[in-house]
Amino acid sequence: MKTALAAVIVAGALLAAGAAQANADLANKHCSKCHEMDKKKKGPAYKATAAKYKGKADAEASLLKAVMDPNGDHPEMTTKPSADEVRTVLKWMLQQ
Ligand code: HEC
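Residues numbered from 1 in each chain as written. Predicted model: local features only at pLDDT ≥ 70, side-chain atom pairs only at ≥ 80, totals over all residues.

1. Describing the overall build of the chain
Cut-off, in case you're wondering: For helices the rule is a DSSP run of H or I covering at least 4 residues; for strands it is a run of E covering at least 2, with both sets numbered from the N terminus onward. The globule rule used here is 2.2 Å times the number of residues to the 0.38 power, and the radius of gyration it is set against is calculated over C-alpha atoms. In this scheme every C-beta is placed from the backbone, and a residue whose C-beta has 20 or more other C-beta atoms within 10 Å is buried, one with 12 or fewer is exposed, and one in between is partly exposed. Whether two residues are in contact depends on their C-beta atoms, placed from the backbone: they are in contact if these lie within 7 Å.
On a plain count of helices and strands, the chain comes out with four helices and zero strands. Its C-alpha atoms give the chain a radius of gyration of 16 Å, clearly above 12 Å, the size a compact globule of 96 residues would have. Across the 96 residues in the chain, those meeting the buried criterion constitute 11%. Taking all contacts inside the chain whose residues are at least 6 apart in sequence as the whole, residues at least 24 apart take part in 57%.

Take a look at the structure:
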């Protein structure tokens with residue numbers, strides 16, 4: 001019984017790690033040309049953005065709009081991520 005429970009816990013941890021890795025891969029694919037984890041590149045570091053928007057409930061939605069707006073300040077992303085992909089990366093970025 002204990003072993004089964006431990007197996008479930010390990011499986012859950014592996015799943016969570018896999019999801020985190022998938023998010024990082026998505027960021028690498030679409031954003032890392034201009035953003036890095038803790039260093040300013042063309043755009044601000046993920047950690048700087050997370051700190052700036054910490055505790056703001058609408059951060060994800062307003063950033064999604066800002067990043068996707070073709071007439072806004074954010075440069076065009078040549079890899080053309082979908083809104084869902086950008087939302088996924090933003091969610092992950094705001095947790096850094
Ligand atoms: C071609 C370069 C480039 C790419 C690719 C890029 N960014 Fe940016 N990003 C910038 C620049 C430059 C800024 C600063 C100007 C601004 O705030 O809009 C910025 C700013 C941001 C900000 C901060 C906005 C704010 O109000 O503080 C977020 C969040 C962001 N980018 C998310 C992303 C995400 C997510 C991706 C990938 C899906 C991405 N960026 C891809 C250049 C890029």
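And the narrative resumes.
2. With respect to the site of the ligand
Basically, it comes down to this: By definition, a residue lies near a molecule or strand provided its backbone-derived C-beta atom is within 6 Å of it. Here the nonpolar group is Ala, Val, Leu, Ile, Met, Phe, Trp, Tyr, Cys and Pro; Asp, Glu, Lys and Arg are the charged ones; every other residue, Gly included, is treated as polar.
Lining the immediate environment of the ligand, one finds 21 residues, of which His 30, Cys 31, Cys 34, Gly 43 and Asp 73 sit closest. Of all the secondary-structure elements, those providing two or more residues to the shell around the ligand are α2 (46–52), α3 (59–68) and α4 (83–93). Considered class by class, the residues forming the shell around the ligand number 12 nonpolar, five polar and four charged.

3. Side note on the environment of Leu 63
Here Leu 63 is to be found in helix α3. Residue classification places Leu 63 among the buried positions, given that 22 C-beta atoms sit within 10 Å.

4. Brief notes about α4
Put simply, the rule is: In this description, the arc belongs to the directions extending from the helix axis to the C-beta atoms.
Residues Val 86, Val 89, Leu 90 and Met 93 constitute the buried set of α4. One face of α4 carries all of its buried residues, which in axial projection span an arc of 100°. Looking at the buried residues of α4, the elements they touch are α1 (2–30), α2 and α3.

5. Side note on the packing of α1 against α4
Going by this rule: Axes here mean lines fitted to C-alpha atoms, for a helix over just the part in contact, with angles spanning 0 to 180 degrees between N-to-C directions. Whether a crossing is left-handed or right-handed is set by the direction in which the near helix is turned from the far one by less than a right angle, anticlockwise for left-handed and clockwise for right-handed.
Interaxial distance between α1 and α4 falls to 9 Å at its minimum, and their mutual angle equals 115°. In the crossing of α1 with α4, the sense of the turn from one axis to the other is left-handed. On α4, the residues touching Asn 23, Leu 26, Ala 27 and His 30 of α1 are Glu 85, Thr 88, Val 89, Trp 92 and Met 93. Taken together, the residues of the contact of α1 with α4 break down into five nonpolar, three polar and one charged.

Remember that the coordinates give geometry; whether it matters functionally is a separate question.
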